[in-house]
Structure formats: structure tokens, C-alpha cells
Amino acid sequence: MPASSMTETQLEIISHSPAETAAIGEALAGCLQDGDVVLVHGDLGAGKTTLAKGIASALGIEDVVSSPSFALVNEYDTGLAAPVTRVYHLDLYRLRSEDDLASIGFDDFMAPTGGIAIVEWPERAATALPERFLLVEIETVRPGSRRLRFVPIPDDEVSGRCIESLRSHIGSNAG
Ligand code: ADP
Ligand code: MG
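Cut-offs applied
Residues numbered from 1 in each chain as written. Chains lettered and ligands numbered in written order. Predicted model: local features only at pLDDT ≥ 70, side-chain atom pairs only at ≥ 80, totals over all residues. Heavy atoms only, no water. Helix = DSSP H or I, 4+ residues; strand = E, 2+ residues; numbered from the N terminus. Rg over C-alpha atoms; globule rule 2.2 N^0.38 Å. Buried < 20%, exposed > 50% of the residue type's maximum accessible area, 1.4 Å probe, protein only. Contact = heavy atoms within 4.5 Å. Areas by Shrake-Rupley, 256 points an atom, 1.4 Å probe, with all protein chains shown as cover. Pairing = 2+ DSSP bridges. Axes fitted to C-alpha atoms, helices over the stretch in contact; angles between N-to-C directions. pLDDT = per-residue confidence, 0-100. Near = heavy atom within 4 Å. Nonpolar A, V, L, I, M, F, W, Y, C, P; charged D, E, K, R; others polar. Disulfide = S-S within 2.5 Å.

**Student:** Help me out: how do you make sense of the overall build of the protein in this one?
**Tutor:** For the protein, the helix and strand inventory stands at four helices and seven strands. The C-alpha atoms of the protein give 15 Å as radius of gyration, which agrees with the globular expectation for 175 residues (16 Å, within 12%). Each principal axis of the C-alpha atoms in the protein carries an extent, and together these give about 45 × 45 × 30 Å. Across the 175 residues that make up the protein, the buried fraction comes to 46%. At a minimum sequence separation of 6, the contacts of the protein that also span at least 24 residues come to 69%. Surface accessibility of the protein: about 8600 Å² in total, with carbon and sulfur atoms responsible for 53%.

Here you go:
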């Protein structure tokens, strides 16, 4: 089978409100499992934390710290045994240098066997990112509207699984 046949096409969703962005995060949570890494790319105020809160909320976590936060990483227990036991929320906005990644044990979060990792400002850790992840890019379209782009990584298992799942979720809610 040619490799390209395994590759999902990009998925774009327009969100018209913070609540819609959170709901997309909630839908996204349904495809995630321990070991997954979600990279959320976008400018300040794009809605990265809003999306992360939606993911966490669907997993029973309601106390995600709002950005800006001084911690580079916050950990939350879902209280569940599976499919997601913990959420590691990383916000690298204040990372001064990639040299500082070692002090927070960044590599362990990028292979999160006991949870999922959600990373804001992943570009700050460009050389330390894992091979497999789900990439979400958020762009401001208008003051209340955002474009969320789920970018497939060729042949990557988590991005294939999640984009497929979101596509069917969106499809079933269309209209
Ligand atoms: P980031 O983490 O990317 O800096 P936040 O999620 O903390 O962004 O904040 C997003 C801001 O944009 C909030 O003030 C929110 O109310 C506003 N906003 C407006 N429209 C949207 C939308 N469609 N989705 C998400 N946030 C939105
Ligand atoms: Mg944020």
C-alpha cells in the first residue's frame, strides 16, 4: 500500500465563539489516549488555552489554570484509569531558551506514557518535539472567530486517528 493512502487530509473548522472552540476541544478529547501529544500553535489570544480547557473538561478536569501562567507545566489527574489518566498542560510562552527544557523534564512529557500532553507555543521547543503528535493551528479570522486547522502528519497514528474522529464528529453535527 502506498504511504500516501494512509495520509489524512487537513481538517479546518471555523469556531464562532470561545464556547465553540472549547466544544471542539471536548470532541477532540474523545480520540485521545495516554501517550498522545497535542501541539497547539497560534498567536497570543488565538484560543490555545480555550481549546486545552475543552479537552480537559471532557476528561473531568475543570480547574485548568488560565494563561498567562508562570508555570511551564501543570499536571491534572483525570481520576480515570483509561483512556486518559493525566493531562500535562505545557505553556512554553515564557521559555527563555531550549536549554531550560531539561529542567522541567520536557522529554518525558513528549513521551507521556502515563497521560496526554497538550503544548502551547510548541515552536519554542522546536528541536525537542517528538516524532508523533497531533498539530492544531489556530488563527484569528475576526474578533470572535477562529480557524482551527488540524494538520496531518503523514502516516502518523495519532493525527490520523484524531482527524478521522473529528471529521465524523463534525459531520454528524453539521447543519
Ligand atoms: P491563547 O491561549 O491562545 O493565548 P486564550 O484561549 O487564553 O488564548 O484566549 C483566547 C481569547 O480569545 C479569549 O479572550 C476568548 O474570549 C477570545 N475569543 C474570541 N473568540 C474566540 C473563539 N472563537 N475561540 C476561542 N477564543 C476566542
Ligand atoms: Mg494560552
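Let us keep going from here.
**Student:** Explanation requested: the sheet that holds strand β2 (residues 37-41) in the structure shown.
**Tutor:** Within a beta sheet, neighbouring strands are joined by backbone hydrogen bonds and run either parallel or antiparallel to one another. Taken in spatial order, the seven strands make up an open sheet running β1-β7-β6-β2-β5-β4-β3, and their pairing is mixed. In the strand order of this sheet, the two ends are held by β1 (11-15) and β3 (73-77), each with one partner. Going from strand to strand, the sheet's axes swing by 20° on average, the running direction of each strand aside. Here five bridges tie β3 to strand β4 (residues 86-91), and the two strands are oriented antiparallel to one another. Within β4, the position partnered with Glu75 by the bridge is Tyr88. Contacts from helix α1 (residues 18-29) reach β1, β6 (134-142) and β7 (145-151) within the one sheet, and its direction differs from that of β1 by about 140°. Relative to the sheet, helix α2 (residues 48-58) contacts β2, β4, β5 (116-120), β6 and β7, its axis offset from that of β5 by approximately 165°.

**Student:** Would you mind showing me how to read the confidence of the model for the protein here?
**Tutor:** In low-pLDDT regions, the fine details of the predicted coordinates are not to be read closely. Within the protein, residue pLDDT values average 91, and 91% of them lie at 70 or more. For residues 1-5, every residue scores under 50 in pLDDT, and the model assigns this stretch two contacts once sequence neighbours within four places are set aside.

**Student:** Would you mind showing me how to read the site of ligand 1 here?
**Tutor:** Taken together, 18 residues form the shell around ligand 1, and within it Thr21, Gly45, Lys48, Thr49 and Thr50 come nearest. Considered on its own, ligand 1 offers 570 Å² of accessible surface; in the complex 76% of this is hidden by protein. For the shell around ligand 1, the elements supplying multiple residues, two or more each, are α1 and α2. Of all the elements, α2 adds the most residues to the shell around ligand 1, at three residues. Within the shell around ligand 1, the residues separate by chemical class into four nonpolar, ten polar and four charged.

**Student:** Would you take a moment to explain the state of the cysteines for this structure?
**Tutor:** Covalently bonding the sulfur atom of one cysteine to the sulfur atom of another cysteine gives a disulfide. Enumeration over the complete set of coordinates arrives at one disulfide. Between Cys31 and Cys162 runs a disulfide, and the two sulfur atoms are separated by 2.0 Å. Between Cys31 and Cys162, the S-S torsion sits near 95°, and that sign places the bridge as right-handed. Of the two residues, Cys31 is situated in the loop between α1 and β2 and Cys162 in helix α4 (residues 157-172); the sequence distance between them amounts to 131 residues. There is no split in this pair, since Cys31 and Cys162 are both buried.

**Student:** I would appreciate a short explanation of α2 in the present structure.
**Tutor:** Think of an α-helix as turning once every 3.6 residues; residues three or four places apart then point the same way. Inspection of α2 places Lys48, Thr49, Leu51, Ala52, Gly54, Ile55 and Ala56 among the buried residues, and these make up the whole buried set. Elements that come into contact with the buried residues of α2 comprise α1, β2, β4, β5, β6 and β7.

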